[in-house]
There are 2 protein chains.
Amino acid sequence: MGDVYAVVNQKGGVGKTTTSINLAACAALDGKRVLLVDLDAQGNATSGAGVDRSALTASMFDVMTASDPGESAELLHHIIAPTNVVGLDVAPATIDLAGSDLSLANSIAREMRLSRALAEVREEYDITLIDTGPSLGILTINALAAADWVIVPIQCEYYALEGLSQLLQVIDLVRSQLNPDLRLAGAILTMFDARTRLSFEVAEEVRANFPGRVYDRLIPRNVRLAEAPSYGQPVVVYDPTCAGAQAYQQVYEEMFADESARTGARPVGVDIVNEDAESGDIAGRGGSD
Amino acid sequence: MGDVYAVVNQKGGVGKTTTSINLAACAALDGKRVLLVDLDAQGNATSGAGVDRSALTASMFDVMTASDPGESAELLHHIIAPTNVVGLDVAPATIDLAGSDLSLANSIAREMRLSRALAEVREEYDITLIDTGPSLGILTINALAAADWVIVPIQCEYYALEGLSQLLQVIDLVRSQLNPDLRLAGAILTMFDARTRLSFEVAEEVRANFPGRVYDRLIPRNVRLAEAPSYGQPVVVYDPTCAGAQAYQQVYEEMFADESARTGARPVGVDIVNEDAESGDIAGRGGSD
């Protein structure tokens, strides 16, 4: 109960926000109480879940920069907003979060702020998902320090594995210094295009690098996935029958079908990804992006 | 001579990279020696200028994290790569940069690393442009600390002014603590769509908030601007006659037409943007993004 998942990849445009919103919505539609924490200054999870950022008087920025843990937890309670999806609440982000590095530069225990703020709140939810931005800065470290599980979306594109060994090193660092219980839930392959050979090659290479830790179901490139955010809805609500929605539904089922199996998941370590893979055929292929 | 421009906005997707590449290319085509420093971990300025990230053995990450200023300057010399545009060189970025916050957390003078690395190199160029990522973290602070001028791209969209007062506060902070010579060159309005009333309204509101500091020429939404990066070319080279290319050419001419006039530019301060504007009609308009 009360498990916390951080959706992390320091590369931009890999589908972190889409993954966060839709797994959160799938869980809510499944009858669970779900909290989606938006820890990306761009606030796309917030608006994509239908919460109007312009109407907010406080946000995760205030939670992260509050003067003490008690105030921080109180603020988190205060900012959590319901969405149009029954059971799904959002802790919203605004662009202020982009200044967190500066605001937290000299703060005590600055890596543990989210963890402490979530300590009580997380027990009110069956699942908490944290969306993060394209950085390994203080916000992402807070997400990893607060989480039980890491979900890594990986796009089926050139440079897919770029940065993954660095990400696993950071996860390892957080696990050894801040959060010994942190484990890798799995990698989700996104933006899969069955018409291109590249998509198949990348999928294969990712599976070779994360053996047994990649969800079977691939998330396709899908126009409905791209459209849904502008309607402030998860795609699984906006168009539940489209390919993108069904794919997220299936990943959700894989993820929670066999909770006990996860207990045996091997701890995350840099050994999982072969360093050489970064300069390998697919990851290192040159050209455009 | 040797002026350094930082292209900054902590919002993502406002056109920082497109602006950096194309102003740099315009200057090179104008016969100037130009250095484009990619300080965004996503490396899109690097690949967009035609430099293959997968072939790099060192990048701006090494420059920023070197053990002393001498080594840092040497590494910068070493990584600078020519492009297919005569006169335009690039100091490339790789995804490693996403971990800079962690790597620099306890470093001495960590805000001044770029400034020191550029101290000699900048004199080899007429113009240095620094592309930055969607954050106000340590990399963006370094860009501001190293620059003479700030260029702020602003998209003609909902929430256009969101975050701008925070950005101006940070510029003010850098100016008072690190770099007294830092000044605002101007704001460039991007993604202007003459078919929408919103674009005109946003443009008007931005001009009201930055009186005399917004370039006249608007950068239109233009499919060639979107396509050019996948060919590793600035749009002013890829298709010099398209609307996007001509717009950047004109902004470039505005920017450098009257160098003397800029000397009188008033220093940047939080007074320039009215705090209330953020919750005003256009900036605060709700809905999707």
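Residues numbered from 1 in each chain as written. Chains lettered and ligands numbered in written order. Predicted model: local features only at pLDDT ≥ 70, side-chain atom pairs only at ≥ 80, totals over all residues. Heavy atoms only, no water.

## Some words on the relation of the copies chain A and chain B
Consideration 1: With an RMSD of 0.0 Å, chain A superimposes on chain B once it is rotated by 180° and translated 0.0 Å along the axis. Given the turn and translation reported, the copies of this chain are related as if by a two-fold rotation axis.
Consideration 2: When the interface residues of chain A are mapped onto chain B, 100% of them again lie at the interface, so the same face is used by both copies. (Least-squares fit on C-alpha atoms with pLDDT ≥ 70 in both. Contact = heavy atoms within 4.5 Å.)

## Some points on the environment of Asp131 of chain B
Residue and element names in this part refer to chain B.
Consideration 1: Summarising the element assignment, Asp131 is placed in strand 5 (residues 127-132).
Consideration 2: We classify Asp131 as buried; its relative accessible area is 0%.
Consideration 3: Between the alpha carbons of Asp131 and Asp181 there is a distance of 19 Å; along the sequence they are 50 residues apart.
Consideration 4: Look past the residues within four positions of Asp131 in its chain and what remains in contact with it is Val7, Lys16, Thr17, Ser20, Val37, Asp38, Leu39, Asp40 and Ala45.
Consideration 5: In this structure the side chain of Asp131 is engaged in a polar contact, spanning 3.3 Å, whose partner is the side chain of Ser20. (Helix = DSSP H or I, 4+ residues; strand = E, 2+ residues; numbered from the N terminus. Buried < 20%, exposed > 50% of the residue type's maximum accessible area, 1.4 Å probe, protein only. Polar contact = N/O pair within 3.5 Å; in protein donor to acceptor, adjacent residues only side chain to side chain.)

## With respect to empty space enclosed by the protein
Consideration 1: What the rule picks out here adds up to one cavity of 30 Å³ or more.
Consideration 2: Looking at the largest cavity, its volume works out to about 410 Å³.
Consideration 3: Lining the largest cavity are 28 residues, with Asp101, Pro134 and Ser135 of chain A together with Pro134 and Ser135 of chain B positioned closest to its centre.
Consideration 4: Listing elements by their share of the lining of the largest cavity, those giving two or more residues are helix 7 (138-146) of chain A together with helix 7 (138-146) of chain B.
Consideration 5: In terms of residue class, the lining of the largest cavity is made up of 14 nonpolar, 10 polar and four charged. (1 Å grid on protein atoms, 1.4 Å probe; cavity = no way out; pocket = protein on both sides within 12 Å on 5 of 7 lines; lining within 4 Å. Points joined across faces, edges and corners; volume = space filled by probe spheres on them. Nonpolar A, V, L, I, M, F, W, Y, C, P; charged D, E, K, R; others polar.)

## A few points about the interface of chain A and chain B
Consideration 1: The interface is formed by 36 residues belonging to chain A together with 36 residues belonging to chain B.
Consideration 2: Between chain A and chain B the total buried area reaches about 2700 Å² when both faces are included, carbon and sulfur atoms providing 51% of it.
Consideration 3: Where chain A meets chain B, there are two salt bridges.
Consideration 4: Linking Arg53 of chain B and Glu162 of chain A is a salt bridge whose minimum nitrogen-to-oxygen distance equals 3.3 Å.
Consideration 5: Along the contact surface separating chain A from chain B lie 10 residue pairs in polar contact (both at pLDDT 80 or more).
Consideration 6: Elements supplying a minimum of two residues to the side of chain A that touches chain B: helix 2 (44-48), helix 5 (100-104) and helix 8 (164-177) of chain A.
Consideration 7: With three residues, helix 8 of chain A is the single largest residue contributor to the side of chain A that touches chain B.
Consideration 8: Grouping the amino acids of the side of chain A that touches chain B by side-chain chemistry returns 11 nonpolar, 16 polar and nine charged. (Buried area = accessible area lost by both parts, 1.4 Å probe. Salt bridge = Lys/Arg side-chain N within 4 Å of Asp/Glu carboxyl O.)

## With respect to the sheet that holds strand 7 (residues 183-190) of chain B
Residues and elements named next belong to chain B.
Consideration 1: An order of 3-4-2-5-1-6-7 is seen for the seven strands of this open sheet, with the pairing classed as mixed. In this open sheet, the two strands that pair with only one neighbour each are strand 3 (81-82) and strand 7.
Consideration 2: Pairing geometry for strand 1 (residues 3-7) and strand 5, over five bridges, is parallel. When the bridges of strand 5 are listed, Ala6 appears paired with Ile130.
Consideration 3: Against the sheet, helix 7 makes contact with strand 1, strand 2 (34-39), strand 5 and strand 6 (149-155), and its axis sits at roughly 160° relative to strand 5, the strand it touches most. (Pairing = 2+ DSSP bridges. Axes fitted to C-alpha atoms, helices over the stretch in contact; angles between N-to-C directions.)

## Overview of helix 6 (residues 113-121) of chain B
The α-helix winds at 3.6 residues per turn, so residues separated by three or four positions along the chain end up facing the same way.
Consideration 1: Listing the buried residues of helix 6 of chain B in full gives Arg113, Leu114, Ala117, Leu118 and Val121 of chain B. Take helix 6 of chain B and look down its axis: the buried residues cluster within an arc of 110°, on one side only. (Arc of directions from axis to C-beta.)

## Side note on unusual backbone geometry
Residue and element names in this part refer to chain B.
Consideration 1: Although it is not a glycine, Tyr159 sits at a positive phi angle of roughly 65°.
Consideration 2: Mapping Tyr159 onto the fold places it in the loop between strand 6 and helix 8 (164-177).
Consideration 3: Accessibility expressed as a relative area gives 1% for Tyr159, which makes it buried.

## A closer look at a negative patch on the surface
Consideration 1: Residues Asp30, Asp216, Glu253 and Glu254 of chain A make up a contiguous surface patch of negative charge.
Consideration 2: Within the secondary structure, Asp216 of chain A is located in the loop between helix 9 (197-209) and helix 10 (223-227). (Patch = residues over 30% accessible without salt bridge, like charges linked within 9 Å, V, L, I, M, F, W, Y side chains within 5 Å. Areas by Shrake-Rupley, 256 points an atom, 1.4 Å probe, with all protein chains shown as cover. Lys, Arg positive; Asp, Glu negative; His and termini not counted. Charge placed at Lys NZ, Arg CZ, Asp CG, Glu CD.)

## Some points on the packing of aromatic side chains
What characterises a pair of aromatic rings is the spacing of the ring centres plus the angle enclosed by the ring planes.
Consideration 1: In this structure the tally under the stated criterion is eight aromatic pairs over all chains.
Consideration 2: Look at Phe192 of chain B and Phe200 of chain B: their rings are 5.0 Å apart centre to centre, the planes differ by 85°, and that puts the pair in the edge-to-face class.
Consideration 3: Owing to a relative accessible area of 9%, Phe192 of chain B belongs among the buried residues under this scheme.
Consideration 4: Note on Tyr252 of chain B and Phe256 of chain B: the rings are 4.9 Å apart at their centroids and 45° apart in plane angle, and the pair reads as tilted. Here Phe256 of chain B and Tyr252 of chain B lie together in helix 12 (residues 243-257), a separation of four residues that amounts to about one turn.
Consideration 5: The exposure class of Phe256 of chain B is buried, given its relative accessible area of 14%.
Consideration 6: Here the aromatic residues Tyr5, Tyr252 and Phe256 of chain A are joined through ring pairs into a cluster of three or more.
Consideration 7: Here the basic side chain of Arg53 of chain A rests over the ring of Tyr159 of chain B, its NZ or CZ set 4.5 Å away from the ring centre. (Phe/Tyr/Trp six-rings, centres within 6.5 Å; stacked < 30°, edge-to-face > 60°. Lys NZ or Arg CZ within 6 Å of the ring centre and 35° of its normal.)

## Some remarks on the sheet that holds strand 7 (residues 183-190) of chain A
Residue and element names in this part refer to chain A.
Consideration 1: Strands sit in the order 3-4-2-5-1-6-7 across an open sheet of seven strands; the sheet is mixed. Pairing within the sheet leaves two strands with one partner each, and these edge strands are strand 3 (81-82) and strand 7.
Consideration 2: Where strand 1 (residues 3-7) meets strand 6 (residues 149-155), three bridges bridge the pair, whose relative direction is parallel. Across the sheet, Tyr5 pairs through a bridge with Trp149, a residue of strand 6.

## Details of the nonpolar core
Consideration 1: Counting residues in each nonpolar core, the largest one holds 124 residues, and the members touching the most others are Met60 and Leu76 of chain A together with Met60, Leu76 and Leu118 of chain B.
Consideration 2: Here Leu76 of chain A is in contact with Met60, Val63, Ala91, Ala117, Leu118 and Val121 of chain A, once residues within four sequence places are set aside.
Consideration 3: Judged by nonpolar contacts, the second largest core, of 39 residues, contains Ala24, Leu36, Val85 and Ile188 of chain B. (Core = buried A, V, L, I, M, F, W, Y, C linked by side-chain atoms within 4.5 Å.)

## Details of the pattern of salt bridges
Consideration 1: Counted under the stated rule, the structure contains 22 salt bridges over all chains.
Consideration 2: Salt-bridge contacts for Glu123 of chain A lead to Arg122 of chain A; the nearest nitrogen and oxygen are separated by 3.9 Å.
Consideration 3: Taking the relative accessible area as the measure of exposure, Arg122 of chain A reaches 16% and is therefore buried.
Consideration 4: Of the charged contacts, one joins Glu157 of chain A and Arg221 of chain A as a salt bridge, the two residues approaching to 2.7 Å between their closest N and O atoms. Residue Glu157 of chain A is found in the loop between strand 6 and helix 8, and its partner Arg221 of chain A is found in the loop between helix 9 and helix 10; the two are separated by 64 residues along the sequence.
Consideration 5: Connected through salt bridges with shared partners, the residues Lys11 and Glu162 of chain A together with Arg53 of chain B form a single ionic network.

By themselves, these figures tell us nothing about what the structure is for.
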